[in-house]
Amino acid sequence: QVQLVESGGGLVQPGGSLRLSCAASIRLFSIYSLGWYRQAPGKQRELVASITSGGSTNYADAVKGRFTISRDNAKNTVYLQMNSLKPDDTAVYYCNVGGLKSNYWGQGTQVIVSS
């Protein structure tokens with residue numbers, strides 16, 4: 001019913017940038033809030049950024065000023081632009097859709113920030 005495919009991760013040096021993409025197979029994409037989450041080994045999954053159907057955004061304190069979430073409703077895609085990356089940003093990043101009866105996690109995309 002719902003499929004989420006994250007992409008765009010990779011290995012970058014501290015201070016570098018990446019843009020993550022999440023393609024969602026879901027009808028009426030434009031009405032849903034969307035979120036990016038991340039999980040580091042041995043850590044709990046945390047919400048990094050969210051965006052509502054109206055375009056309002058929220059960010060975790062750890063990424064404010066560095067990350068930007070956006071959406072392209074015509075492409076059923078949500079993005080996470082990550083700048084000034086730090087080693088603490090290393091994690092597997094996932095997207096999700098708000099307001100559904102079930103969570104449909106994709107495979108995630110790995111981000112490693114290391115020198």
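Residues numbered from 1 in each chain as written. Predicted model: local features only at pLDDT ≥ 70, side-chain atom pairs only at ≥ 80, totals over all residues. Heavy atoms only, no water.

## Regarding the overall build of the chain
Next, step 1: Counting its secondary structure elements, the chain contains 0 helices and 10 strands.
Next, step 2: Scaling as 2.2 N^0.38, a compact globule of 115 residues should have a C-alpha radius of gyration of about 13 Å, and the chain matches this with 13 Å.
Next, step 3: Out of the 115 residues in the chain, the part that is buried amounts to 38%.
Next, step 4: Taking the 11 positively charged and 6 negatively charged side chains of the chain as two groups, their mean positions are separated by 6 Å. (Helix = DSSP H or I, 4+ residues; strand = E, 2+ residues; numbered from the N terminus. Rg over C-alpha atoms; globule rule 2.2 N^0.38 Å. Buried < 20%, exposed > 50% of the residue type's maximum accessible area, 1.4 Å probe, protein only. Lys, Arg positive; Asp, Glu negative; His and termini not counted. Charge placed at Lys NZ, Arg CZ, Asp CG, Glu CD.)

## Side note on the state of the cysteines
Next, step 1: Scanning all chains against the criterion turns up 1 disulfide.
Next, step 2: Shown here is the disulfide that connects Cys 22 with Cys 95, its sulfur atoms set 1.8 Å apart. An S-S torsion of about 45° defines the bridge between Cys 22 and Cys 95 as right-handed. Within this pair, whereas Cys 22 is found in strand E3 (residues 18-25), its partner Cys 95 is found in strand E9 (residues 91-97), the two being separated by 73 residues in sequence. (Disulfide = S-S within 2.5 Å.)

## Thoughts on the nonpolar core
Next, step 1: Trp 36, Phe 67, Val 78, Leu 80, Met 82 and Tyr 93 are the most contacted members of the largest nonpolar core, which totals 29 residues.
Next, step 2: Mapped by element, the contributors of at least two residues to this core are E3, strand E4 (34-39), strand E5 (46-51), strand E7 (67-72), strand E8 (77-82), E9 and strand E10 (109-113). (Core = buried A, V, L, I, M, F, W, Y, C linked by side-chain atoms within 4.5 Å.)

## Things to note about the side chain of Arg 71
Next, step 1: Its place among the elements puts Arg 71 in strand E7.
Next, step 2: A polar contact is formed between the side chain of Arg 71 and the backbone oxygen of Tyr 32, at a distance of 2.7 Å.
Next, step 3: Of note is the side chain of Arg 71, whose polar atom sits 3.0 Å from the backbone oxygen of Thr 52.
Next, step 4: Those residues in contact with Arg 71, other than ones at most four positions away along the chain, are Phe 29, Ser 30, Tyr 32, Ser 33, Leu 34, Ile 51, Thr 52, Ser 53, Thr 77 and Val 78. (Polar contact = N/O pair within 3.5 Å; in protein donor to acceptor, adjacent residues only side chain to side chain. Contact = heavy atoms within 4.5 Å.)

## As for the sheet that holds strand E2 (residues 10-12)
Next, step 1: Strand order in the open sheet made by the 6 strands is E2-E10-E9-E4-E5-E6, with mixed pairing throughout. At either end of the open sheet lies a strand with only one pairing partner, and these are E2 and strand E6 (57-59). For this sheet, the mean angle separating the axes of adjacent strands, direction not counted, is 25°.
Next, step 2: Relative to E6, E5 runs antiparallel, the two being bridged by 3 bridges. In the strand pairing of E6, Ser 50 is matched with Asn 58. (Pairing = 2+ DSSP bridges. Axes fitted to C-alpha atoms, helices over the stretch in contact; angles between N-to-C directions.)

## Quick look at the pairing of E5
Next, step 1: Relative to E5, E4 is paired through 5 bridges, and the arrangement is antiparallel. Looking at the pairing, Leu 34 lines up with Ile 51 of E5.
Next, step 2: Remark: 6 residues form the turn of the hairpin made by E4 and E5, two consecutive strands paired antiparallel; Gly 42 in that turn has positive phi of roughly 75°.
Next, step 3: Between E5 and E6, which pair antiparallel one after the other, the connecting turn spans 5 residues, and Gly 55 there sits at a positive phi close to 95°.

## Topic: the pairing of E8
Next, step 1: For E8, a buried count of 5 out of 6 residues is recorded, marking the element as mostly surrounded by other parts of the structure.
Next, step 2: Here E3 runs beside E8; their pairing, made up of 6 bridges, is antiparallel. Across the sheet, Ala 23 pairs through a bridge with Thr 77, a residue of E8.
Next, step 3: Taken together, the 6 bridges between E7 and E8 define a ladder with antiparallel strand orientation. Looking at the pairing, Arg 71 lines up with Val 78 of E8.
Next, step 4: As consecutive antiparallel partners, E7 and E8 are separated by 4 residues, and within that stretch Asn 76 has a phi angle of approximately 50°, a positive value.

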